[in-house]
Amino acid sequence: MNLVAVLVLGRLITWAFQTSGPTKRIWSLHPLLEELGECDFCLGFWVYLGLLFIVRVNLLDPYYVPVASEIVTAVAFSFGVHLARIGWSMKFGIMDLTDD
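Residues numbered from 1 in each chain as written. Predicted model: local features only at pLDDT ≥ 70, side-chain atom pairs only at ≥ 80, totals over all residues. Heavy atoms only, no water.

Here we look at the state of the cysteines
Here's step 1: With the rule as written, the count across this model stands at 1 disulfide.
Here's step 2: Across a sulfur-sulfur distance of 2.4 Å, cysteine 39 and cysteine 42 are joined as a disulfide pair. The chirality of the disulfide connecting cysteine 39 with cysteine 42 is right-handed, given an S-S dihedral of about 65 degrees. (Disulfide = S-S within 2.5 Å.)

A few points about the packing of aromatic side chains
The relative placement of two aromatic rings is captured by the distance of their centres and the angle of their planes.
Here's step 1: Under the counting rule described, the total for this entry stands at 3 aromatic pairs.
Here's step 2: Ring centres 5.0 Å apart and planes at 75 degrees place the aromatic pair phenylalanine 45 and tryptophan 46 in the edge-to-face group.
Here's step 3: Take phenylalanine 45: its relative accessible area is 15%, and that puts it in the buried class.
Here's step 4: Where tyrosine 48 meets phenylalanine 77, the ring centres are 5.8 Å apart and the plane angle is 80 degrees; that geometry is what we call edge-to-face. With tyrosine 48 in helix α4 (residues 40-55) and phenylalanine 77 in helix α5 (residues 66-92), the pair connects residues that are 29 residues apart, well separated along the chain. Of the two residues, tyrosine 48 and phenylalanine 77, neither departs from the other in class, the shared state being buried. (Phe/Tyr/Trp six-rings, centres within 6.5 Å; stacked < 30°, edge-to-face > 60°. Buried < 20%, exposed > 50% of the residue type's maximum accessible area, 1.4 Å probe, protein only. Helix = DSSP H or I, 4+ residues; strand = E, 2+ residues; numbered from the N terminus.)

Some points on a nonpolar patch on the surface
Here's step 1: On the surface, Leu3, Leu59, Leu60, Tyr63 and Val72 cluster together into a nonpolar patch covering about 480 Å² of accessible area.
Here's step 2: With respect to the secondary-structure elements, valine 72 resides in helix α5.
Here's step 3: Residue classification places valine 72 among the partly exposed residues on the basis of a relative accessible area of 42%. (Patch = residues over 30% accessible without salt bridge, like charges linked within 9 Å, V, L, I, M, F, W, Y side chains within 5 Å. Areas by Shrake-Rupley, 256 points an atom, 1.4 Å probe, with all protein chains shown as cover. Salt bridge = Lys/Arg side-chain N within 4 Å of Asp/Glu carboxyl O.)

Laid out in C-alpha coordinates, this is it:
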(Lines give C-alpha, C1' and ligand atoms only; values in the text may rest on other atoms or scores of the structure.)
Protein backbone atom coordinates (compact mmCIF):
# COMPACT_ATOMS: atom_id res chain seq x y z
CA MET A 1 0.00 0.00 0.00
CA ASN A 2 1.21 3.49 -0.80
CA LEU A 3 2.72 5.54 2.04
CA VAL A 4 0.39 8.49 1.44
CA ALA A 5 -2.63 6.16 1.39
CA VAL A 6 -1.60 4.73 4.78
CA LEU A 7 -1.19 8.22 6.25
CA VAL A 8 -4.59 9.37 4.95
CA LEU A 9 -6.35 6.15 5.96
CA GLY A 10 -4.90 6.35 9.49
CA ARG A 11 -6.03 9.96 9.86
CA LEU A 12 -9.53 9.11 8.64
CA ILE A 13 -9.80 6.20 11.07
CA THR A 14 -8.55 8.42 13.91
CA TRP A 15 -11.08 11.11 13.00
CA ALA A 16 -13.89 8.54 12.81
CA PHE A 17 -12.99 7.18 16.25
CA GLN A 18 -12.97 10.70 17.68
CA THR A 19 -16.29 11.82 16.23
CA SER A 20 -18.61 8.80 16.03
CA GLY A 21 -21.34 8.38 18.62
CA PRO A 22 -20.53 4.84 19.81
CA THR A 23 -16.86 5.63 20.41
CA LYS A 24 -17.76 8.89 22.20
CA ARG A 25 -19.72 6.76 24.66
CA ILE A 26 -16.67 4.52 25.13
CA TRP A 27 -14.43 7.56 25.73
CA SER A 28 -16.79 8.78 28.47
CA LEU A 29 -16.46 5.53 30.48
CA HIS A 30 -13.14 6.50 32.08
CA PRO A 31 -11.09 9.73 32.32
CA LEU A 32 -8.04 8.07 30.70
CA LEU A 33 -10.14 6.90 27.76
CA GLU A 34 -11.63 10.37 27.44
CA GLU A 35 -8.14 11.86 27.29
CA LEU A 36 -7.12 9.28 24.67
CA GLY A 37 -10.15 10.13 22.54
CA GLU A 38 -9.33 13.83 22.56
CA CYS A 39 -5.61 13.46 21.75
CA ASP A 40 -4.87 13.17 18.01
CA PHE A 41 -1.31 12.07 18.59
CA CYS A 42 -2.17 9.46 21.25
CA LEU A 43 -5.11 7.88 19.44
CA GLY A 44 -3.27 8.17 16.13
CA PHE A 45 -0.39 6.12 17.52
CA TRP A 46 -2.70 3.21 18.35
CA VAL A 47 -4.52 3.48 15.03
CA TYR A 48 -1.28 3.55 13.04
CA LEU A 49 0.19 0.72 15.11
CA GLY A 50 -2.75 -1.52 14.27
CA LEU A 51 -2.75 -0.40 10.66
CA LEU A 52 0.98 -1.02 10.24
CA PHE A 53 0.66 -4.62 11.39
CA ILE A 54 -1.90 -5.08 8.58
CA VAL A 55 -0.30 -3.19 5.67
CA ARG A 56 3.39 -3.80 6.50
CA VAL A 57 4.72 -0.29 5.77
CA ASN A 58 7.98 0.36 7.57
CA LEU A 59 10.23 3.45 7.80
CA LEU A 60 13.19 1.41 9.06
CA ASP A 61 13.13 -0.92 6.06
CA PRO A 62 16.72 -2.17 5.87
CA TYR A 63 16.93 -2.53 9.68
CA TYR A 64 13.62 -4.26 10.40
CA VAL A 65 13.12 -5.42 14.01
CA PRO A 66 9.73 -7.14 14.36
CA VAL A 67 7.67 -5.10 16.86
CA ALA A 68 10.03 -2.19 17.46
CA SER A 69 9.96 -1.10 13.81
CA GLU A 70 6.17 -0.86 13.81
CA ILE A 71 6.22 1.15 17.05
CA VAL A 72 8.81 3.61 15.72
CA THR A 73 6.93 3.96 12.44
CA ALA A 74 3.60 4.47 14.24
CA VAL A 75 5.11 7.22 16.42
CA ALA A 76 6.61 8.95 13.37
CA PHE A 77 3.39 8.71 11.34
CA SER A 78 1.21 9.87 14.21
CA PHE A 79 3.49 12.79 15.03
CA GLY A 80 3.80 13.87 11.39
CA VAL A 81 0.06 13.72 10.77
CA HIS A 82 -0.59 15.51 14.07
CA LEU A 83 1.74 18.36 13.04
CA ALA A 84 0.11 18.52 9.60
CA ARG A 85 -3.34 18.73 11.20
CA ILE A 86 -2.23 21.53 13.51
CA GLY A 87 -0.73 23.41 10.57
CA TRP A 88 -3.88 22.96 8.51
CA SER A 89 -6.01 24.22 11.40
CA MET A 90 -3.77 27.23 11.90
CA LYS A 91 -3.84 28.12 8.20
CA PHE A 92 -7.45 27.36 7.30
CA GLY A 93 -9.27 26.93 10.61
CA ILE A 94 -11.72 29.34 12.15
CA MET A 95 -10.21 31.20 15.09
CA ASP A 96 -12.38 32.23 17.99
CA LEU A 97 -11.19 35.69 19.03
CA THR A 98 -13.85 36.34 21.65
CA ASP A 99 -12.90 36.55 25.30
CA ASP A 100 -14.96 34.34 27.58
